Amino acid sequence: MEETYEGRLTAFGHQLIEVHLWLREELADLRETLDGGGARPRELRAHCLSFCSAVTRHHTGEDGDAFGEIAERFPDLRPVLDELRRDHRLVEDSLNRLEELLDAVDADPIVVRRELDSLAALMETHFVYEEKRIVEALNALDVPRWRQARPAFLAAGD
């Protein structure tokens, strides 16, 4: 267990789950914004860019830092980490398509909704798999620099 930035004890794997919960809520808010119909395209795009940035920061942090720590300590998880990296590329592709759709002046809300639904399904599958496969390993890690400064993959709402 590691001390978090709020002064309570939480292991890194449990912090990962908290970030996933936050990202799920952000995606739900984005979908509600689209469904509400009242949001102007500029507002929807700003909300989407904020969400896309958070997901990208999270996945980049995992790929660049967390997965390396896990692979070093738990080499048997390397195939799992490779699969998670492939998922990250699929999520990134979907985020790019979503941004392109929202850049269009006359974005079709049905097409945007379809891409959001696809992204939501992909992310949920990814999060569940990741949580089942690496949370225990993350909980077992003691990475002093992660205790000193919150790593990118554990940042939520920052």
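Everything below is about the structure printed above this text.
A short tour of the structure in this document, coming up. (Residues numbered from 1 in each chain as written. Predicted model: local features only at pLDDT ≥ 70, side-chain atom pairs only at ≥ 80, totals over all residues. Heavy atoms only, no water.)

Here A156 shows up in the segment after α5 (144–148). With relative accessibility at 27%, the residue A156 sits in the partly exposed group. In sequence terms A156 and A54 are 102 residues apart; their C-alpha atoms lie 7.5 Å from each other. Not counting the four nearest positions on each side in its chain, A156 is found in contact with V19 and W22. (Helix = DSSP H or I, 4+ residues; strand = E, 2+ residues; numbered from the N terminus. Buried < 20%, exposed > 50% of the residue type's maximum accessible area, 1.4 Å probe, protein only. Contact = heavy atoms within 4.5 Å.)

Pairing is possible between side chains that carry opposite charge, provided their charged atoms lie close to one another. Taken as a whole, this structure holds twelve salt bridges when the rule is applied. Among the salt bridges present, the one from D117 reaches R31, with a minimum N-O distance of 2.6 Å. Of this pair, D117 sits in helix α4 (residues 109–140) while R31 sits in helix α1 (residues 12–36), and the two are 86 residues apart along the sequence. In this structure D117 comes out as partly exposed when scored by relative accessible area, which is 30%. Among the residues examined, R31 registers a relative accessible area of 24% and is labelled partly exposed. One salt-bridge network, in which partners are shared between bridges, spans R31, D35, R113 and D117. (Salt bridge = Lys/Arg side-chain N within 4 Å of Asp/Glu carboxyl O.)

Another point: the nonpolar core. Counting 21 residues, the largest nonpolar core has L27, L30, F51, L98, L119 and M123 as the members making the most contacts within it. Among the secondary structure elements, those contributing two or more residues to this core are α1, α2 (41–73), α3 (78–103) and α4. Residue contacts for M123: discarding those within four places in its chain leaves L27, F51, V55 and V91. In terms of nonpolar packing, the next biggest core, distinct from the first, is built from 20 residues, A71, F74, L81 and A137 among them. (Core = buried A, V, L, I, M, F, W, Y, C linked by side-chain atoms within 4.5 Å.)

The next thing to look at is the packing of aromatic side chains. One pass over the structure, following the stated rule, counts two aromatic pairs. A centroid spacing of 5.1 Å and a plane angle of 90 degrees characterise the contact between F12 and W146, whose relative ring orientation is edge-to-face. Taken as a pair, F12 in helix α1 and W146 in helix α5 lie far apart in primary sequence, 134 residues in all. Side by side, F12 and W146 carry an identical accessibility label, which is buried. Considering the side-chain rings of W146 and F153, the 5.0 Å spacing of their centres and the 70 degrees angle between planes classify their relative orientation as edge-to-face. The class of W146 is buried, set by a relative accessible area of 1%. The exposure class of F153 is buried, given its relative accessible area of 1%. Among the aromatic side chains, those forming a connected cluster through ring pairs are F12, W146 and F153. (Phe/Tyr/Trp six-rings, centres within 6.5 Å; stacked < 30°, edge-to-face > 60°.)

Spatial relationships are all this shows, so hold off on functional conclusions.
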